[in-house]
Amino acid sequence: MLVDHVPDLDVTRPRTIPLGRLSDKSWPGPLSADGIEGRLGEVVAALDDYYVSVDPRAKTRCIDGRHDPELDEANLGPQVPGGAPGSALAYRLGVDKDDLTRGTFTGDAELMIEAYMRLGLSPGGHRDDLEQADGVGCGAIDGLQAVLDCMTNPHLVEDHKRLVKTILDVDFNRDHYLRVMGAGLVLQSRSVAYFHGRGEILDLLERKAPGSVSVLRGRHCEAFVVVNLVEGTTLSSNRFAADLGGPQAFGYDLWRSRQLVQALFPLPSQEVDRARFIHARVMLTIATLMALTDGSLQVLLRLPADA
Ligand SMILES: [Zn+2]
């Protein structure tokens, strides 16, 4: 019963709005959260307590909900899919004016990491302590091929568009959506060459920004996806999972993508680039969730008090 989960109307606090399951269909990913709806009310009521202020100097984190032993709640960076290298594919699909038949992900990621550093943003990424026995790693980097497959899968496209539209709300633009989708299809035709050598990204990140790569522990147990629009805040993912006794959350700080595009494309003439980058970022996030989960996770939108 959705009615049970409607948060109280305290206008001074951010609002958490439950949006139900990611999908009523079955997605290709292995991660499942069937039965978690019984704990939804509890999570909606307490979610705000798990959001803390971002430390602007702290390294960018992945949306991953797994345990990061080095995480310090007083110095949390914002969460975006795949950390900093994850932005590279969004740039390629949404903004890049080069021929899509050239370039590599490694090259694109290197440029993105350099841009982060010029702008004083701290890039970050992660490895995993487990071998990919269950086929799930970071997902946002090592599974990029599967992510692109999901995004361009005709059976998933309706779900994909619905979720992108929901998350972008009034900013959704059909032309941008279709353009990024088309770029994804073109890139897919040569994806083996494009993604070749992507394993080197984290070495490169470590070289350029020492200490920027963490190692996440254990298995994926995400049961929730939180899209956070409250600027300057991020999920204390370790504490969330510890208090819930197992279930983790994918946390996507969408406000950070909006902030990042302002830094990357600051000129008034770059408004279209900003909008396309945001579309590509959200589109790849949904496709990443399609590659990682079976669609049963619960989605929560966290909005500023005055939204
Ligand atoms: Zn990750």
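Numbering of residues begins from 1 in every chain and follows the order in which that chain's sequence is written. In keeping with the model being predicted, local features are shown solely for residues with a pLDDT of at least 70 and side-chain atom pairs are shown and tallied solely at 80 or more, while totals for entire chains, interfaces and linings include all residues.

**Here we look at the overall build of the protein**
Piece 1. Elements are defined by DSSP. Helices are runs of H or I of four residues or more, strands are runs of E of two residues or more, and each kind is numbered from the N terminus. A count of helices and strands for the protein gives 11 helices and 8 strands.
Piece 2. Just to be clear, the radius of gyration here is over C-alpha atoms, and the globule rule we use is 2.2 Å times residues to the power 0.38. Scaling as 2.2 N^0.38, a compact globule of 307 residues should have a C-alpha radius of gyration of about 19 Å, and the protein matches this with 18 Å.
Piece 3. Taken along the three principal axes of its C-alpha coordinates, the protein extends 50 × 45 × 40 Å.
Piece 4. Here the C-beta atoms are placed from the backbone, and a residue counts as buried if at least 20 other C-beta atoms lie within 10 Å of its own, exposed if 12 or fewer do, and partly exposed otherwise. Residue burial in the protein is summarised as follows: out of 307 residues, 45% are buried.
Piece 5. Two residues form a contact once the distance between their C-beta atoms, set from the backbone, is within 7 Å. Sequence separation of at least 24 residues holds for 82% of the intrachain contacts in the protein that already meet a minimum separation of 6.

**A look at the sheet that holds strand 7 (residues 248-253)**
The strands making up a sheet associate through hydrogen bonds between their backbones, and the pairing can be parallel or antiparallel.
Piece 1. One open sheet accounts for 4 strands, arranged 1-8-5-7; its pairing is mixed. The outermost strands of the open sheet, each flanked by one partner alone, are strand 1 (15-21) and strand 7. Ignoring strand direction, the axes of neighbouring strands in this sheet form an average angle of 20 degrees.
Piece 2. Two strands are said to pair when DSSP picks up at least two bridges between them. Sheet topology note: the strand 5 (residues 222-228)/strand 8 (residues 298-303) ladder contains 5 bridges and is parallel. Opposite Val226, over in strand 8, you have Leu300 as the bridge partner.
Piece 3. Convention adopted: a line fitted to C-alpha atoms gives each axis, helices being fitted over their contacting stretch, and angles between N-to-C directions are expressed from 0 to 180 degrees. In the packing of helix 10 (residues 254-264) onto the sheet, the strands contacted are strand 5 and strand 7, and the crossing angle to strand 7 comes to about 25 degrees.

**A look at helix 6 (residues 174-188)**
Piece 1. To estimate how far a helix should reach, multiply one less than its number of residues by 1.5 Å. Spanning 15 residues, helix 6 covers 21 Å between terminal C-alpha atoms, matching the ideal 21 Å at 1.5 Å per step.
Piece 2. Among the residues of helix 6, those classed as buried are His176, Tyr177, Val180, Gly184 and Leu187. On an axial view of helix 6, the arc spanned by its buried residues comes to 105 degrees, and they lie on one face. Opposite the buried face of helix 6, by more than 90 degrees, sit the exposed residues Arg174, Asp175, Leu178 and Leu185.
Piece 3. Taken together, the buried residues of helix 6 touch helix 2 (86-94), helix 4 (144-151), helix 5 (157-168), helix 7 (191-195) and helix 11 (271-292). What the arc measures is the spread of directions leading from the helix axis to the C-beta atoms.

**Here we look at the pairing of strand 5**
Residues in a regular strand point their side chains to alternate faces of the sheet.
Piece 1. The buried fraction of strand 5 amounts to 7 of the 7 residues, a majority that puts the element mostly inside the structure.
Piece 2. The sheet contact formed by strand 5 and strand 7 spans 6 bridges and is parallel. Pairing of Glu222 across the sheet is with Gln248, part of strand 7.

**Topic: the packing of helix 3 (residues 105-118) against helix 8 (residues 201-208)**
Piece 1. Running from N to C, helix 3 and helix 8 cross one another at 25 degrees; their axes reach a closest spacing of 10 Å. Our classification of the angle between helix 3 and helix 8 gives roughly parallel. When you trace helix 3 past helix 8, the crossing you get is right-handed. Residues Thr106, Ala109, Glu110, Ile113 and Met117 of helix 3 touch helix 8, and the partners they reach there are Ile201, Leu204, Leu205 and Lys208. When an angle is under 35 degrees it counts as roughly parallel; over 145 it counts as roughly antiparallel; between 65 and 115 it counts as roughly perpendicular; any other value is oblique. A clockwise turn of the near helix away from the far one marks a right-handed crossing, whereas an anticlockwise turn of less than a right angle marks a left-handed crossing.

**A closer look at the nonpolar core**
Piece 1. By definition, a nonpolar core groups buried Ala, Val, Leu, Ile, Met, Phe, Trp, Tyr and Cys residues that connect through C-beta atoms lying within 7 Å of each other. In terms of nonpolar packing, the biggest core is built from 74 residues, with Val225, Met283 and Ala287 touching the most fellow members.
Piece 2. Among residues more than four places away in sequence, those in contact with Met283 are Met151, Val164 and Val180.

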